[in-house]
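# Examination of the molecular architecture
Here is what each chain is made of, one letter per residue.
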Amino acid sequence: MSLELRVKNYLQLNLSLLYWILIAPFTGQFFKIAPIFRQMVFIGVRAAPMVALTAFSVGVTLAMQAAHSLESLGAEMYIPDLVMITLLREMGPVLIAVIVIGRSGSAVAAELGTMKVSEEIEALEVMAINPIQYLVVPRFLAMMVMLPALTIFGNYIGILGGWAVCVSALDFNTAGYVLRALESAETWDLYSGMIKSVVFAWIIITIACNAGLNVEGGAEGVGQATTASVVEALLAMLVTNAVLTGIFFFSA
Amino acid sequence: MNPNSEAIIEVDHLVRRFGDRAVLDQISFNVHRGETLVIMGGSGCGKSTLLRHMIGSMKPTTGSVKLFGEEITGMAEREIERVRLRFGMLFQSGALLASLTVGENVALPLFQHTKKSPDEIEQIVKQKLEIVGLTGFEDLKPDEISGGMKKRVGLARALALDPELLFSDEPTSGLDPIMTAVVDELTLNLTKGTHMTAVVVSHDMTSAFRIATRMIMLGHGSIVAQGTPDEIRNSSNPEVQQFIHGRADGPIPLNVSQEEHKDHQHVRPRPFLGARFRFHHKHP
Ligand SMILES: Nc1ncnc2c1ncn2[C@@H]1O[C@H](COP(=O)(O)OP(=O)(O)O)[C@@H](O)[C@H]1O
Ligand SMILES: [Mg+2]
């Protein structure tokens, strides 16, 4: 499929999503709650262990790197600040998005792609069931809720990782670490990370659904579309992250 | 055919090209209320493609398709949904949703398009599964049942909303002779009893002659012959005779594949290798 056509399909998908979420409910076509919860479990809850492991490792790594750099300046007391701010602003949203792209985005692309090649999507259309409403809306809403939720969860685990290093290997006690961490972070650090993860959620799920719905050419096509969706979502997410960091922290 | 009854489907000079190959070339026919039209023809001759144009999931290159008097080729998605509520479609593969159970598949159109209570829906699902001989299979997933059973679930789902028009793509392929008779009986009961109109693609000549009130034979992209079952049976067209009697030699070219594999010239059978080798290039 040509790039032009794929971009057109992508924009169309976004427009119909907006229609089904913002306009359709006022015409009496509500979305059903049960499928959204099913997707929340699939997209979010099942990814939680991987997110926890990633976030903990990142917290540990950040604390060790901070210790290494700050000790030579005699500024060890700022280690919690560095862990906290890096996690909330950048590492939390970005790395958790990476995990969710690899795990949930690819799964959604593969699932919808398989449905496409086995004529299930066509069958839905012929039964007058809109595939965007029936398949994409619940996945979209689940992702918009679960990625920010996972990011908050990951932030806590990351801070725990930093604490583990500070308390076990450095001269911190728990109270000192927590106080210092809380003092350093501002609410804007948290909010900026949340805004990022909401934007990332949108990018990840729309790219995954679009890739799945436009698969051509059997099982092989499903594989290619899944891989492509992971690469595209990663690139789009990282570029968007740079732009958002620029807007939030560099423009004022 | 009663000439006074209304035409439910009107296909007019339908042309569909894939690349520069015309899979459907100037096809025209009407289907009237209460008829059972059987479409026959060799594998790959465009029967499923023709059905897809009749249900509006493919748009013709040129030509027109009218359902219930309304032109569907230019319709927007929202308009065509209204038309689609009036017919059911059984796909060649069944096309069941793999994530839902058999029962949920049949219930899906009812949940989406009616205000019936879950209890009523469960009742209807039971009844629809019973008429296709699948009582008690509600809770299995599609990948836990055989291909023939999937077809019958697909049929139950197509009938869930009691449509006035049914399309079936090879409803009996993959079924044993008894189940074939059951499905044929069902089609006959629906068309005779409730005046449903049916368009059935079939390879199975016994089944085709049992249910058809009219038949169309497709070949090389156009209609080779059409008429009542008797007219077809007594047709003097040698292609028709070859097809309905299933003879290996006759005027129907075996090398449908030469047409098909234009883009893959290297798989064309070499001359002088003879018909034995050409068989391998025939569609399964
Ligand atoms: N989406 C498509 N793109 C390209 N060619 C197609 C497509 N769908 C069907 N065809 C071609 O059209 C021809 C008819 O296919 P089909 O209608 O499935 O045959 P039948 O149902 O009679 O066995 C085949 O040669 C097939 O390769
Ligand atoms: Mg077919």
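See the structure printed just above.
Cut-offs applied
Residues numbered from 1 in each chain as written. Chains lettered and ligands numbered in written order. Predicted model: local features only at pLDDT ≥ 70, side-chain atom pairs only at ≥ 80, totals over all residues. Heavy atoms only, no water. Contact = heavy atoms within 4.5 Å. Buried area = accessible area lost by both parts, 1.4 Å probe. Salt bridge = Lys/Arg side-chain N within 4 Å of Asp/Glu carboxyl O. Polar contact = N/O pair within 3.5 Å; in protein donor to acceptor, adjacent residues only side chain to side chain. Helix = DSSP H or I, 4+ residues; strand = E, 2+ residues; numbered from the N terminus. Nonpolar A, V, L, I, M, F, W, Y, C, P; charged D, E, K, R; others polar. Donors = N, O, S within 2.8 Å, 3.2 Å for Na, K, Ca; no water. Buried < 20%, exposed > 50% of the residue type's maximum accessible area, 1.4 Å probe, protein only. Arc of directions from axis to C-beta. Pairing = 2+ DSSP bridges. Axes fitted to C-alpha atoms, helices over the stretch in contact; angles between N-to-C directions. Parallel < 35°, antiparallel > 145°, perpendicular 65-115°, else oblique. Left-handed = near helix turned anticlockwise from the far one by under 90°. Core = buried A, V, L, I, M, F, W, Y, C linked by side-chain atoms within 4.5 Å.

This part takes up the interface of chain A and chain B. Of the residues lining the interface, 18 residues belong to chain A; the matching set on chain B comes to 23 residues. Approximately 1,800 Å² of surface area, both sides summed, lies buried where chain A meets chain B, with 54% of it carried by carbon and sulfur atoms. Summed over the shared surface of chain A and chain B, the number is 2 salt bridges. Where B:R52 meets A:E119, a salt bridge forms, and the shortest distance between an N and an O atom there is 2.5 Å. Along the contact surface separating chain A from chain B lie 9 residue pairs in polar contact (both at pLDDT 80 or more). At the level of elements, α1 (3–23) and α5 (120–126) of chain A are the ones that each hand at least two residues to the side of chain A that touches chain B. Top element by residues in the side of chain A that touches chain B is α5(A). It accounts for 6 residues. Tallied by class, residues from the side of chain A that touches chain B come to 10 nonpolar, 3 polar and 5 charged.

Here the focus is the coordination of the magnesium ion (ligand 2). When a metal carries six donors in an octahedron, the ideal angles between them are 90 or 180 degrees, while four donors in a tetrahedron ideally lie at 109.5 degrees. Residue and element names in this part refer to chain B. Only S48 (OG) and Q92 (OE1) from the protein reach the magnesium ion (ligand 2) as donors, at distances of 2.0 to 2.3 Å. In this pair, S48 sits in helix α1 (residues 47–54) while Q92 sits in the loop between β6 (87–90) and α3 (102–113), placing the two residues 44 residues apart along the sequence. The class of S48 is buried, set by a relative accessible area of 18%. Exposure remark for Q92: the relative accessible area of 35% places this residue in the partly exposed category.

The phi angle at A:A128 is positive, at roughly 60 degrees, despite the residue not being glycine. Note that A:A128 resides in the loop between α5 and α6 (131–169).

Residues and elements named next belong to chain B. With respect to the helices, strands and loops of the structure, R210 is situated in helix α7 (residues 205–211). Note on R210: relative accessible area 38%, which makes it partly exposed. If we skip the residues at most four places from it in the chain, R210 touches T180, A181, D184 and L188. Side-chain polar atoms of R210 contact the side chain of D184, separated by 2.8 Å.

Let us now look at helix α2 (residues 33–43) of chain A. Residue and element names in this part refer to chain A. What α2 keeps buried is the set I36, Q39, M40 and I43. Taken end-on, α2 shows its buried residues confined to a sector of 105 degrees, consistent with a single buried face. What points out from α2, more than 90 degrees from its buried face, is the exposed set A34 and R38. Tucked into the core, α2 has its buried residues touching α4 (79–117), α6 and α8 (187–213).

Each strand in a sheet pairs with its neighbour through backbone hydrogen bonds, running either in the same direction (parallel) or in the opposite one (antiparallel). Residues and elements named next belong to chain B. Strands sit in the order β6-β7-β8-β3-β9-β10 across an open sheet of 6 strands; the sheet is mixed. Whereas interior strands pair on both sides, the edge strands pair on one side only; in this sheet they are β6 and β10 (222–227). Averaged over all adjacent pairs, the angle separating strand axes in this sheet is 15 degrees, with direction ignored. As paired strands, β6 and strand β7 (residues 165–169) are joined by 4 bridges and run parallel to one another. Bridged to L90 within β7 is S168. α1 rests against β3 (36–40), β6, β7, β8 (197–201) and β9 (214–219) of the sheet, and its axis sits at about 155 degrees to β7. The strands touched by helix α5 (residues 147–158) are β6 and β7; relative to β6, the strand with the most contacts, the crossing angle is about 170 degrees.

The subject of this paragraph is the packing of helix α3 (residues 48–72) of chain A against α6(A). All names here are of chain A. The geometry of α3 relative to α6 is characterised by a closest axis approach of 7 Å and an angle of 40 degrees between their N-to-C directions. Judged by the inter-axis angle, α3 sits oblique to α6. The way α3 lies across α6 gives a crossing that is right-handed. Residue-level inspection shows A48, V51, A52, A55, F56, G59, V60, A63 and M64 of α3 in contact with α6, the latter providing L150, F153, G154, I157, G158, L160, G161, G162, A164 and V165. Residue composition of the contact of α3 with α6, by class: 14 nonpolar, 5 polar and no charged.

Let's shift gears to the nonpolar core. One broad rule of soluble globular proteins: the nonpolar side chains tend to lie buried together. If you look at the biggest cluster of nonpolar residues, it comprises 55 residues, and the most contacted ones within it are A:M143 and A:L147. Of all elements in the fold, only α1, α2, α3, α4, α5, α6, α8 and α9 (218–250) of chain A reach the threshold of two or more residues within this core. In terms of residue count, the dominant contributor to this core is α6(A) (12 residues). In this structure, B:I8, B:V23, B:M75 and B:F87 belong to the second largest nonpolar core, which totals 35 residues.

As a further point, take the pattern of salt bridges. All names here are of chain B. In total, this model carries 18 salt bridges over all chains according to the counting rule given. For E6, the salt bridge identified is with R33, shortest N-O distance 3.0 Å. With a gap of 27 residues between them, E6 in the segment before β1 (7–18) and R33 in the loop between β2 (21–32) and β3 connect regions that are remote in the sequence. On the basis of relative accessible area, E6 is assigned to the partly exposed category, the value being 45%. For K128, the salt bridge is made with D162, and the minimal N-O distance between the two is 2.6 Å. Linking K128 in helix α4 (residues 118–131) with D162 in the loop between α5 and β7, this pair joins segments that are 34 residues apart in sequence. Of the residues examined, K128 reaches a relative accessible area of 5% and is grouped as buried.

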